[in-house]
Amino acid sequence: MESERDLMLDGNAAAGVLQEIFGEEMTTALTTCDECATVSQMAMLRVFSGGPGLVLRCPACEAVMVRIAQTPRGTFVDVRGVRQMRLPLPSIR
Amino acid sequence: MKRTLEWQIATVKAIRQETANVKTLTLALLKWVPHRPGQHYDIRLTAEDGYSAQRSYSIGSEPERHGEIDITVEPIRDGEVSPFLDDVVVVGDRFEVRGPIGGYFVWEASDGGPLLLVAGGSGIVPLMAMARHRAAVGATVPARLLYSSRSFDDIIYRADLDALANRDGLQVFHTLTRSQPEGWQGFARRIDDRMVAEVNKPFGPKAQVFICGPTALVETAADAAEAAGVAAERIKTERFGPTGA
C-alpha cells in the first residue's frame, strides 16, 4: 500500500503546468508561505497529484500554498497560501 | 527565457531495452531546441474519446545531440501513461510533447563543480543528461556519481556509465540494495550518511550536489550532504514518484 507520502513529488513535476499558467519558468521563483513565512523556490514545494488537481505544500510546515485544477471549464488556481511570489528576472539566455 | 510552451508532435525513432522492465525511447522533434541537462518534457496521450493523460519525463540525452531526445520509461503499476510507453509504443508512433521544462534542477558545464550526483533507480535519468553533456563538451569538472539500484540487472544505463567512467573520468559508485552478484566490490546497502560522506570526501563543502530518486533517498542524501558541510543552496533535489504513472 502506497502512502500519500510515497506519492509525493516536488515542484519540478509541476513545472510545465506552472509555466502554462504564469508564462514563465517558475521552478526558480521564490514563494513565501502565508502560514510560516518560509521562503522556498517553487521546485522545493511538496506536490501532491493524486486527486483531480495539483496541491503544492510548504516544505517546512506542509500548509497548502497553491491549488491547481484543470477542468473542461478552464484552469482554477488558488494561491491564497502564498504571501508573496518573486519571479526571477527575465534571463538573457 | 520567455517562451510559450507549445505542444508538438514527437515521433518515436528508436526503442532500446535498458533493463528487463526499463526502456529508452528516442523521440525525433521537428521543433527541437537545446535543453539544459536536468530538464524534462511533458508527454500527453489522448484517447479517441478525447480523454487525455499527461506526465513529465526527464531527458536522458545530452543537448549536443540535435533534433532528438531520449526519455527513459519505467512502467508504474496502474499508471495511465507509462504502460502505453512501455508496452504499446512502436517505432514510428507519434504523440504530443512539450518542453524543455524546468530551471531549478539543471546543470551545465559552465556552472562548474565539483559535481556530486546521487541517484536512486530511474532517478538516474536527468543526472545522465548532465554526465553525457559533461562528456560531450569535454569538461574536466571533477564528477562523481553515487547510484543505488536493487540489483546488478536493474542498473539503468550500465554500459553507458562504464563508458563514461573509462573515457570521460566520471567516477561511478554503485550500491545494490537487494542482491549482489558474487564477488561484488561496490556498496551493498541503502544510501546513508556514511556512504554519501565517503563518496563526497574529496570534494568536501565545495561540491555541487544533484539528487534524484524516491523521497526517502532524496531526504537521506540531502541531509547527508549538508552534514558533510555542503551549503543547502548547493544541494538540488528532484523527487520522482509516480511521475511515470
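Residues numbered from 1 in each chain as written. Chains lettered and ligands numbered in written order. Predicted model: local features only at pLDDT ≥ 70, side-chain atom pairs only at ≥ 80, totals over all residues. Heavy atoms only, no water.

A. Highlighting the domain arrangement of chain B. Residues and elements named next belong to chain B. When the domains of chain B are assigned, the result is domain 1 (8-101) and domain 2 (109-244). Once you take the C-alpha centre of each, domain 1 and domain 2 turn out to be 23 Å apart. At the interface, 22 residues of domain 1 touch 22 residues of domain 2. Across the domain 1 to domain 2 interface the summed buried area is about 1700 Å²; carbon plus sulfur atoms make up 53%. Our count for the domain 1 to domain 2 interface comes out at two salt bridges. (Domains from an automatic or database assignment. Contact = heavy atoms within 4.5 Å. Buried area = accessible area lost by both parts, 1.4 Å probe. Salt bridge = Lys/Arg side-chain N within 4 Å of Asp/Glu carboxyl O.)

B. Structural detail: the packing of aromatic side chains. Residue and element names in this part refer to chain B. Here the structure, examined in full by the defined rule, presents two aromatic pairs over all chains. Both rings, one in Phe 152 and one in Trp 184, keep their centres 6.2 Å apart while their planes meet at 70°; by these two values the pair is edge-to-face. With Phe 152 in the loop between β8 (143-149) and α3 (158-168) and Trp 184 in the loop between β9 (170-176) and α4 (193-200), this residue pair connects regions lying 32 residues apart in the sequence. Arg 132 extends its terminal NZ or CZ atom over the ring of Tyr 157, reaching a point 4.8 Å from the ring centre. Sitting above the plane of the Phe 203 ring, Arg 144 keeps its charged end 5.9 Å from the centroid. (Phe/Tyr/Trp six-rings, centres within 6.5 Å; stacked < 30°, edge-to-face > 60°. Helix = DSSP H or I, 4+ residues; strand = E, 2+ residues; numbered from the N terminus. Lys NZ or Arg CZ within 6 Å of the ring centre and 35° of its normal.)

C. The arrangement of the sheet that holds strand β7 (residues 74-78) of chain A in detail. All names here are of chain A. Reading across from one edge, β1-β4-β5-β6-β7 is the order of the five strands in this open sheet, with antiparallel pairing throughout. Sheet topology places β1 (9-10) and β7 at the edges, where each strand pairs with a single neighbour. Across two bridges, the pairing between β1 and strand β4 (residues 46-48) is antiparallel. By the bridge assignment, Asp 10 is partnered in β4 with Arg 46. (Pairing = 2+ DSSP bridges.)

D. Region of the structure containing unusual backbone geometry. Geometrically, the link from Gly 99 of chain B to Pro 100 of chain B is a cis peptide bond, its omega value of -5° lying close to zero. Considering the arrangement of structural elements, one finds Pro 100 of chain B in strand β6 (residues 94-101). Cis rather than trans, the peptide bond between Gly 113 of chain B and Pro 114 of chain B has omega equal to -5°. Here Pro 114 of chain B lies in the loop between β6 and β7 (115-120). Notably, Ala 37 of chain A is not glycine yet its phi reads approximately 70°, a positive angle. Within the secondary structure layout, Ala 37 of chain A lies in the loop between β2 (30-33) and β3 (39-41). Phi at Glu 62 of chain A takes a positive value of approximately 65°, unusual for a residue other than glycine. Within the element layout of this structure, Glu 62 of chain A appears in the loop between β5 (54-57) and β6 (64-71).

E. Highlighting the nonpolar core. All names here are of chain B. Core analysis: the largest hydrophobic core is formed by 30 residues, its most contacted members being Ile 124, Leu 127, Leu 145, Tyr 147 and Phe 210. Elements with a minimum of two residues in this core: β7, α2 (124-136), β8, α3, β9 and β10 (208-213). Ignoring sequence-local partners within four residues, the contact set of Leu 145 consists of Leu 117, Ala 119, Ile 124, Leu 127, Leu 161, Leu 170, Gln 171, Val 172 and Phe 173. (Core = buried A, V, L, I, M, F, W, Y, C linked by side-chain atoms within 4.5 Å. Buried < 20%, exposed > 50% of the residue type's maximum accessible area, 1.4 Å probe, protein only.)

F. Quick look at the pattern of salt bridges. Residues and elements named next belong to chain B. Evaluation of the coordinates by the stated rule reveals 19 salt bridges over all chains. For Glu 68, the salt bridge goes to Lys 13, with nearest N and O atoms at 2.5 Å. Remark: Lys 13 occurs in strand β1 (residues 8-19) and Glu 68 occurs in strand β5 (residues 68-73); sequence separation between them is 55 residues. Close ionic contact of Glu 68 with Arg 65 constitutes a salt bridge, the shortest N to O distance being 2.9 Å. Classification of Glu 68 as buried rests on a relative accessible area of 13%. On the accessibility criterion, Arg 65 (23% relative accessible area) is partly exposed.

G. Spatial organisation of the packing of α2 of chain B against α3 of chain B. Residues and elements named next belong to chain B. For the pair α2 and α3, the least separation of the axes is 11 Å and the interaxial angle reads 35°. The interaxial crossing formed by α2 with α3 has left-handed handedness. Residues Met 128, Ala 131, Arg 132, Arg 134 and Ala 135 of α2 form the contact with α3, whose participating residues are Asp 160, Leu 161, Leu 164 and Asp 168. Tallied by class, the residues present in the contact of α2 with α3 amount to five nonpolar, no polar and four charged. (Axes fitted to C-alpha atoms, helices over the stretch in contact; angles between N-to-C directions. Left-handed = near helix turned anticlockwise from the far one by under 90°. Nonpolar A, V, L, I, M, F, W, Y, C, P; charged D, E, K, R; others polar.)

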